[in-house]
Amino acid sequence: MPELSYREAVRDALSRAMRADEDVFVMGEDIAEMGGSMGVTQGMLAEFGADRVRNTPISEMGIVGAGIGAAMQGMRPVVEIMYEDFLTLSLEQIVNQAAKHRYMSGGQLKVPITIRTQGGAGWSPGAQHAQQLEAWLVHVPGLKVVFASTPADVRGLLWSSIYDDNPVIFFEHRTLYGLKEEVPDELEPIPLGQARVHREGTDVTVVATGRLVHESLAAAQEAETHGLSVEVVDPRTLQPLDERALVESVQKTNRCVVAHEAVTRMGFGAEVAAVVQYAAFDWLDAPIERVGARFTPIPFAPVMEEFVVPHANDVLAAILRTVGKDVDGG
Amino acid sequence: MAQVLSGGLRRVIGDGEGVPDGRVDGLDDADLLDLYRSLVLLRTYDERSVVYHRQGRIGTYAIFWNHEAMQVGSAHALADEDWIFPSYRESAIGLLRGIPASTLLSWWRGHPAGWWNPADYNVASICVPIATHVPHAAGLAWGKRLRGESAVAITYFGDGATSEGAFHEGANFAAVMRAPLILFCNNNGWAISTPLAAQTRAETLADKAVGYGMPGVRVDGGDVLAVFEATREAVERARAGEGPTFVEAVSYRAAPHATADDPRAYIDLARVEEEKRRECVGRYEGYLRRLGLLSDEEREEIRSGAAALMREGIARAEAEPAPDPSILFEHALASPPPSFAQDLAELRRILGRTEAGGAASPRPSGPEGAGPEGSV
Ligand SMILES: Cc1ncc(C[n+]2csc(CCOP(=O)(O)OP(=O)(O)O)c2C)c(N)n1
Ligand SMILES: [Mg+2]
C-alpha cells in the first residue's frame, strides 16, 4: 500500500478522475505552473495540459460561475478557490445559482460542480485568511458539503464529490496537507453522507471535523489516563449529515462532545447537538459539550491565534466535563 | 515634461546614453532630493523587513523591492488631506505620511501597536483581499465631493486585481459618481505565478479606462518622475471635479511575490536579472548624479539616515510589551456582546493555569503547508 500525504491524496483523486474521464478538468488561481498555493496540483499541468489544468484570472465569481456553466453541459469541473475566506466573492454563484438550478428547473438541470477550497488557522495568516466557514454553506438547501480529515478520506470523498450530480463544496484544512498515511492501491470511493468511526469507545462520543478530528484523537488518548473510553466520529460529509451514525454512537456512550475549529457560537456543532439531543434525549447523561473557536476574528499574532482556536486540551476538558470533572481546557 | 514611448508609456528619466533626461515642471532641486529620500526610505524598510522576517520576527511579508518609484512618485503628488488606500504591496507607504516604522513593523507582527487610526494619517488599513478596497476608495472620494471638500483619494492595486469584480464595480462607480479618485494600478507583470497575458486580453490595462469613461494613462513604473507627473495630473483633474483617472504604472516584479514564494518554477529568471540591474532607485540615483544633484556624501547621509530610522523602528517594535489577551475580544464590536466577559474570564483562567506551569497549547512547528502565497 502506498503512503500518501493528504496533499498527494487530493492530487491522486483529481488525476485519476481526469485520466478516466475527459469531462473532468480543474481550474483556479495559480494552479498550473505553480501547482496551486498549497502545491496540490503540482505536476498536473505537465500530465494534462493547460486546457484541463487551467490558470484563471483572479475572479472568484468567474471561476465558480464558469464552472457552473461547464457543469450545465454535463462536464464535471473541479474548481479551486485559493482560500475559503474568498468563497465570499463567489457566494452569489454558489448560493443562488449552483444550489438552485436543479430545483428551479424541476430537476431537469444538474450542476455537478465540485468547489475545492482550503482554510484554517495554525500558521498565523490573520483574520481574512484563517476562517472556517463551512457552517455558512451547510445551511443552504441544494448543496452538499464535505470536510475530509485524512488522506484516505480526502481521496475517496473527492472522487465521490466529482461524480455526485449535485454541487459539492469540498473543504480541506491547511494544516493537514502534510499528514501521511497508507492508502489502498485502488481508490475506494467513499459515499457522501457516511460518517467514520475513528476510534471506538464506551464512555463519551466526540463528533469532530477537519483538524479537530486529530485533536480529538489525541484528547481521547489522554482521556484514557482518566479511565475514560472515548469514541471519535467524523461525519466527513456535513451536508447531508449521517445522523444515524452520530445518534447510535451517543446511544452507546450516553455522552457527547462536538468539536470543530470554526467558532462555536451558531456553528455546525449546534446542529449536531440538536440532532443528538432530539434522537437520543433519553440516553444522554450529561449536557452536550461544544468545542470550537472563541467568538472573535482570528488574530494575526501566533500566540494570540493559539488562544482563539481549539486544541486537544480543549476537547479533553469538554470530555471531562461530561463526566463531571471540571478541568480547564486551554 | 514626460516623453511618450511606444505603448504610450510616459517616461522622464533618460538612460544616460541615447535617451535624454527630462525635467518635471514645478519640482525644484530640494523636491528632487525629497523624492530620493523617500525612495531610499522605502527601499531600506523593505530590505530590512525581509531580514526581519527571516529572523522569525514577522510573518509572511509582501516584498515591494523595485516598486518604490510607483509608490513614492504617486504619494508625492498628493496633499496631506488626500486619502491613500494601500494593498499589501504598499504596506509601508504610510511611512511617507509619518506613520512610524515601528507601527508598520508591529502590524506585520500582529501586535496591537501596529494599529493606526486611518483618519490620523489619511492612510486606510492595508487590504489583502484582492481589489476589495477599490470601492471603499470610490465611496470615500465620492463622499469628499458631496461634502464639498477638496480632498481626493488614491487606491493602489495590482495587474491581477483588474480581474476582480470589485475593481470593475469600484471603477465604474467612481466614474458614474465623478468621484475624485486615482485608480493606481501597479502592473508588475505577475499575479503570484500568473502572468499578465493570462489575466487579460486587453492590449494595455489603461485601455480598460475607456470602458468606464475615464482617462487612462500609462507610465514607466520604474521612473519616479514620470509616475509623479502622471499622478499629479490625475490629482488635478480629480480636484477640479472632473472625476477619476486610471493610472497604469508598468514595472516588473523582480522579487518573489512574498517571503513564502519561490518564483523559480514560473518566472523568467533572465528578465528578473535584467530588472534588478535597472531597478528604480538606482535609475533615479543616476538621474540625480547626471544633474549634479547628489554627491557621495549626501547619498551616504540619506542612506544612513534611513538605516538609523529602521534600527530605531525595530528597537521600538521589539520593546513593545506583550499585549493583554483582552484585545482578542475587545475590538470585534463597538460594544462587546455578552459573550465577551465569559470568553475573557475563561481565557484568564486558562492563562493563569498555564503560567502556573501547565503546558501551553501544542502548535505545529512552522507554517506546515504554507504555500508560496503565505498570507498575502
Ligand atoms: C480575493 C482574493 N483572491 C485571491 C487572493 C490570493 N492572492 C493574493 S496576492 C494575489 C495576486 C495578486 O496579484 P496582483 O493583483 O497583480 O498584485 P501584486 O501581488 O502583483 O502586487 C492573489 C491571487 C486574495 N488575497 N484575495
Ligand atoms: Mg501584479
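Residues numbered from 1 in each chain as written. Chains lettered and ligands numbered in written order. Predicted model: local features only at pLDDT ≥ 70, side-chain atom pairs only at ≥ 80, totals over all residues.

Things to note about the overall build of chain A
Stage number 1. From N to C terminus, chain A includes 12 helices and 14 strands.
Stage number 2. Relative to the compact-globule value of 20 Å for 330 residues, chain A shows a C-alpha radius of gyration of 20 Å, a close match.
Stage number 3. Here the C-alpha coordinates of chain A stretch approximately 60 × 45 × 40 Å along the principal axes.
Stage number 4. The long-range share in chain A, meaning contacts at least 24 apart out of those at least 6 apart in sequence, stands at 77%. (Helix = DSSP H or I, 4+ residues; strand = E, 2+ residues; numbered from the N terminus. Rg over C-alpha atoms; globule rule 2.2 N^0.38 Å. Contact = placed C-beta atoms within 7 Å.)

Side note on the sheet that holds strand β4 (residues 153–158) of chain B
Residues and elements named next belong to chain B.
Stage number 1. If you walk across this open sheet you meet the 7 strands as β1-β2-β8-β9-β5-β4-β3, and the pairing is mixed. Each edge of the sheet is formed by a strand with only one pairing partner; in this case those strands are β1 (3–4) and β3 (83–85).
Stage number 2. The pairing of strand β2 (residues 9–11) with strand β8 (residues 216–220) spans 2 bridges and is parallel. Within β8, the residue paired with Arg10 across the bridge is Val219. (Pairing = 2+ DSSP bridges.)

What to know about the site of ligand 1
Stage number 1. Close to ligand 1 lie 24 residues; B:Ile130, B:Gly158, B:Gly160, B:Ala161 and B:Ala191 are nearest.
Stage number 2. Those residues lying near ligand 1 are distributed over chains A and B.
Stage number 3. Of all the secondary structure elements, the ones that give two or more residues to the shell around ligand 1 are β4 and β6 (190–191) of chain B.
Stage number 4. Class assignment of the residues belonging to the shell around ligand 1 gives a composition of 13 nonpolar, 5 polar and 6 charged. (Near = placed C-beta within 6 Å. Nonpolar A, V, L, I, M, F, W, Y, C, P; charged D, E, K, R; others polar.)

Brief notes about the packing of helix α1 (residues 29–54) of chain B against helix α11 (residues 296–319) of chain B
Residues and elements named next belong to chain B.
Stage number 1. Relative orientation of the contacting elements α1 and α11 amounts to 45°, with a least axis distance of 9 Å. What the angle tells us is that α1 and α11 run oblique. Read as a crossing pair, α1 and α11 show a hand that is right-handed. Together, Tyr36, Arg37, Val40, Leu41, Thr44, Tyr45, Arg48 and Tyr52 of α1 and Ile302, Arg303, Ala306, Ala307, Met310 and Ile314 of α11 make up the contact between the two elements. (Axes fitted to C-alpha atoms, helices over the stretch in contact; angles between N-to-C directions. Parallel < 35°, antiparallel > 145°, perpendicular 65-115°, else oblique. Left-handed = near helix turned anticlockwise from the far one by under 90°.)

Considerations on the domain arrangement of chain B
Stage number 1. Entries for chain B in the domain assignment read domain 1 (3–319) and domain 2 (333–358).
Stage number 2. The straight-line distance from the C-alpha centre of domain 1 of chain B to that of domain 2 of chain B is 41 Å. (Domains from an automatic or database assignment.)

Quick word on the packing of α1(B) against helix α10 (residues 280–290) of chain B
Think of two packed helices as two axes; the pair is described by the angle between the axes and how far apart they sit.
All names here are of chain B.
Stage number 1. The N-to-C vectors of α1 and α10 enclose an angle of 155°; their axes lie 10 Å apart at closest approach. Classed by the angle they form, the pair α1 and α10 counts as roughly antiparallel. Considering how the two elements wind past one another, α1 and α10 form a crossing that is left-handed. Every residue of α10 that contacts α1 at Leu32, Tyr36, Leu39, Val40 and Arg43 is listed here: Val281, Tyr284 and Leu288.

Here's the deal with the sheet that holds strand β3 (residues 53–55) of chain A
Residue and element names in this part refer to chain A.
Stage number 1. Strand order across the open sheet formed by 7 strands is β3-β2-β4-β5-β7-β6-β12, with mixed pairing between neighbours. The open sheet terminates on both sides in strands that have one partner only, identified here as β3 and β12 (237–239). Across the sheet, the axes of successive neighbouring strands diverge by a mean angle of 20°, strand direction being ignored.
Stage number 2. Here strand β2 (residues 24–28) runs beside β3; their pairing, made up of 3 bridges, is parallel. Residue pairing in the sheet places Val26 in a bridge with Val53 of β3.
Stage number 3. Along the sheet, helix α1 (residues 6–20) contacts β2, β4 (76–81) and β7 (168–173); its crossing angle with β2, the most-contacted strand, is approximately 130°.

Examining the pairing of strand β10 (residues 204–208) of chain A
Within a regular strand, side chains alternate between the sheet's two faces.
All names here are of chain A.
Stage number 1. By the criterion of burial, β10 is predominantly enclosed, with 5 of the 5 residues buried.
Stage number 2. Of the two faces of β10, both are covered, the one formed by Val204, Val206 and Ala208 as well as the one formed by Thr205 and Val207.
Stage number 3. Assessed by its sense of winding, the connection that carries the chain from β10 through helix α8 (residues 211–224) to strand β11 (residues 230–234) is right-handed. (Buried ≥ 20, exposed ≤ 12 C-beta atoms within 10 Å, placed from the backbone. Right-handed = clockwise from strand over helix to strand, strands pointing away.)

Some details on the domain arrangement of chain A
Residues and elements named next belong to chain A.
Stage number 1. Here the domain parsing of chain A yields domain 1 (3–182) and domain 2 (196–322).
Stage number 2. Taking only C-alpha atoms into account, the centre of domain 1 sits 26 Å from that of domain 2.
Stage number 3. Tallying the contact residues gives 25 residues for domain 1 and 24 residues for domain 2.
Stage number 4. Ranked by the residues each element gives to the side of domain 1 that touches domain 2, the list is headed by strand β6 (residues 144–147), at 4 residues.
Stage number 5. Residues belonging to the side of domain 1 that touches domain 2 are distributed by class as follows: 13 nonpolar, 9 polar and 3 charged.

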